[in-house]
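Fold and geometry: a report
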Amino acid sequence: MYMSEIFFQSATSLAQAIKTKKLSVLEVMDAHIDRIDKYNHAINAIVTMDLEAARQSAKDADVTLASGAPVGPLFGLPVVHKDNVSTKGMRTTYGSLAFQNNIPTQDSLIVTRQRDAGAITLGKTNMPEFGAGSHTFNEIFCSTKNPYRFEVSAGGSSGGAAAALAAGFVPLADGSDMGGSLRNPASFCNVVGLRPSLGRVPVVPSSFSFGTLGVAGPMARTVDDVALYLSVISGPDSRDPFSVASDSQVEPLLNNIETKGIKLAFSADIGGLPFESQVSKVIQGSLPIFESLGCYVEEAEPEFTDADFAFEVLRGVAFATSFGPLRAGKGDLLKNTVVWNIDVGLNLRGEEIARAERIRSAMFLKMELFLKKYDFLICPTTQVLPFDIHMEYPMEIDGTAMSTYIEWMRSVCRITITGHPAISIPCGFSDDGLPVGIQIVGPYRQERKLLEFAKQFEAANPVGLIRPAL
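Residues numbered from 1 in each chain as written. Predicted model: local features only at pLDDT ≥ 70, side-chain atom pairs only at ≥ 80, totals over all residues. Heavy atoms only, no water.

1. Some points on the layout of surface pockets
Estimates place the volume of the second largest pocket at around 200 Å³. Lining the second largest pocket, in full, are Arg195, Leu198, Thr212, Val215, Glu357, Arg360, Ser361, Phe364, Ile417, Thr418, Gly419 and Tyr444. Sorting elements by how many residues they give to the lining of the second largest pocket places helix H11 (residues 350–373) first, with four residues. The residue makeup of the lining of the second largest pocket, split by class, is five nonpolar, four polar and three charged. (1 Å grid on protein atoms, 1.4 Å probe; cavity = no way out; pocket = protein on both sides within 12 Å on 5 of 7 lines; lining within 4 Å. Points joined across faces, edges and corners; volume = space filled by probe spheres on them. Helix = DSSP H or I, 4+ residues; strand = E, 2+ residues; numbered from the N terminus. Nonpolar A, V, L, I, M, F, W, Y, C, P; charged D, E, K, R; others polar.)

2. Re the pattern of salt bridges
Applying the stated criterion to the full structure yields 22 salt bridges. With its nearest N and O atoms 3.1 Å apart, the salt bridge here joins Glu351 to Arg349. Glu351 sits in the exposed class, given a relative accessible area of 57%. Judged by relative accessible area, Arg349 falls into the partly exposed class, the value being 45%. For Glu407, the salt bridge identified is with Arg410, shortest N-O distance 3.5 Å. Judged by its relative accessible area of 12%, Glu407 falls in the buried class. Salt bridges sharing common partners tie together Asp308, Glu312, Glu407, Arg410 and Arg414. (Salt bridge = Lys/Arg side-chain N within 4 Å of Asp/Glu carboxyl O. Buried < 20%, exposed > 50% of the residue type's maximum accessible area, 1.4 Å probe, protein only.)

3. Structural notes on the environment of Phe387
Within the element layout of this structure, Phe387 appears in the loop between strand S11 (376–380) and strand S12 (396–397). A relative accessible area of 7% places Phe387 in the buried class. Residues Phe387 and Asn40 lie 347 residues apart in sequence; the distance between their C-alpha atoms is 20 Å. Apart from residues lying up to four places away in sequence, Phe387 is in contact with His135, Glu151, Val152, Ser153, Phe188, Glu392, Tyr393, Pro394 and Trp408. (Contact = heavy atoms within 4.5 Å.)

4. Some thoughts on the sheet that holds strand S7 (residues 192–195)
Strand order across the open sheet formed by 11 strands is S1-S3-S2-S6-S8-S7-S14-S15-S11-S9-S10, with mixed pairing between neighbours. Each of the sheet's edge strands pairs with one partner strand only, and the pair in question is strand S1 (46–49) and strand S10 (296–299). In this sheet, neighbouring strand axes are inclined to one another by 30° on average, regardless of whether the strands run parallel or antiparallel. Sheet strands touched by helix H8 (residues 277–292): strand S9 (263–266), S10, S11, strand S14 (422–429) and strand S15 (435–441). Its angle to S15, the strand with the most contacts, is close to 55°. (Pairing = 2+ DSSP bridges. Axes fitted to C-alpha atoms, helices over the stretch in contact; angles between N-to-C directions.)

5. Let's talk about unusual backbone geometry
Excluding glycine, residues mostly have negative phi values, and the peptide bonds linking residues are mostly trans. A cis geometry characterises the amide bond from Gly156 onward to Ser157, with omega recorded as 5°. Residues Val204 and Pro205 are joined by a peptide bond in cis, for which omega reads -5°. Looking at the secondary structure, you find Pro205 in the loop between S7 and strand S8 (215–220). With phi around 55°, Phe130 is a residue other than glycine that occupies positive phi space. For Phe130, the location among the structural elements is in the loop between strand S3 (120–125) and strand S4 (145–146). Given a relative accessible area of 11%, Phe130 falls into the buried group. Positive phi, close to 50°, is recorded for Ile270, a residue that is not glycine.

6. Remarks on helix H7 (residues 223–233)
Most of H7 is tucked away: nine of the 11 residues are buried. Among all positions of H7, only Val223, Asp225, Val226, Ala227, Leu228, Tyr229, Leu230, Val232 and Ile233 are buried. Just past H7, the residue Gly235 takes up positive phi, approximately 120°.

7. Digging into the pairing of S14
Counting buried positions along S14 gives seven out of eight residues, so the element sits mostly inside the fold. Judged from the three bridges that link them, S7 and S14 form a sheet pairing that is antiparallel. What sits directly across from Arg195, in S14, is Ala422. As paired strands, S14 and S15 are joined by seven bridges and run antiparallel to one another. When the sheet's bridge partners are listed, Ser424 is paired in S15 with Gln439. Taking the residues between adjacent antiparallel strands as the criterion, S14 and S15 are bridged by five residues, where Gly433 takes a positive phi near 85°.

The quantities given are spatial measurements derived from coordinates; they are silent on function.
Structure (structure tokens):
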């Protein structure tokens, strides 16, 4: 197999080729390293690397394979980790000057599970400071460019992960999602990002173990690869109070399900949000694809009244809890939007927090009951196309001004506040060639059902196979 045929192979097929010895681990590793050497300097997706250590691990893996020893489901696959998960001996900065020289002494659980499954770490992916905002830039590593057009954003906060996947640097990349950080960059970079239900992927260690907005999750180029990845990183851990047991929801292999008769609710604007016309055009254009699968599509949505208030209050609580002490000691090193979001949390009144929790409880129930009537909710992932890389965030959408750095992300934040699993998968391209993703929301803690349906849409609309012309 030629090197150019390796770096865009799926994780599932690469894992099989390694296990059957059609490819050596070193061949797979060298193909990806060669791709990184050629293009990462231009894209800036992977910001900390140890490629020599990765090559040595690949050589060692080939020895293990030759010995006949049993191997894990990700054996020999190169992976990268978001720069907010700890990697023992490898710099982890959170995209912040306050941590620019931080070298962890232990791995995060999500890293340990990948290594135990046989994956080989290549490095860390870029992110905005503390994941604040869906545009990847920071004072240490600067901006990550979109592989489909270097002049526009790769999204965020898992923007480096999405760009690395789109560019063929790795077949798998982990990420996290509070306000769309797995879904927005997936949409911007024409890849797949899954926000799982709370507790599906344990977060260990954590400074806010009882927080309920942020989750960790998988990113890949195909739905099958996301399922494989999820099967490795999910499962119980007593150190995460919300972690759930592994079960049939996270099996690595997905079934080809019958889609005829599936009832879909379609929301064009997720409760009246503004959208760029090109985003709406691509999403509307996907409806005949769902209908061709035999699905029944009806315009409907649960009520999203006060969802924004609840999200912004609880996000403020999360920032104050996680970063409040840092604000007090090193606030001069933090970007303005991080300071603002911490201060939002620190200045909240108990009445506001109580109201936000009541709204969130109501939103969860509304969505759960809604998804008893419909199998899935389909809607746009992002409200905008990938925007100018020099912008901090969109200041307006279709004539509507955005008052904060998170307001333009409400198409994903409103889904976050319900607590339900959601996936962004490639849907199409704008008239001038920028990716647009579609968001599919499924019943609580039924990731397998969501993934199997997403796989059928992906097969009927294979735009994820359109690669960037680097």
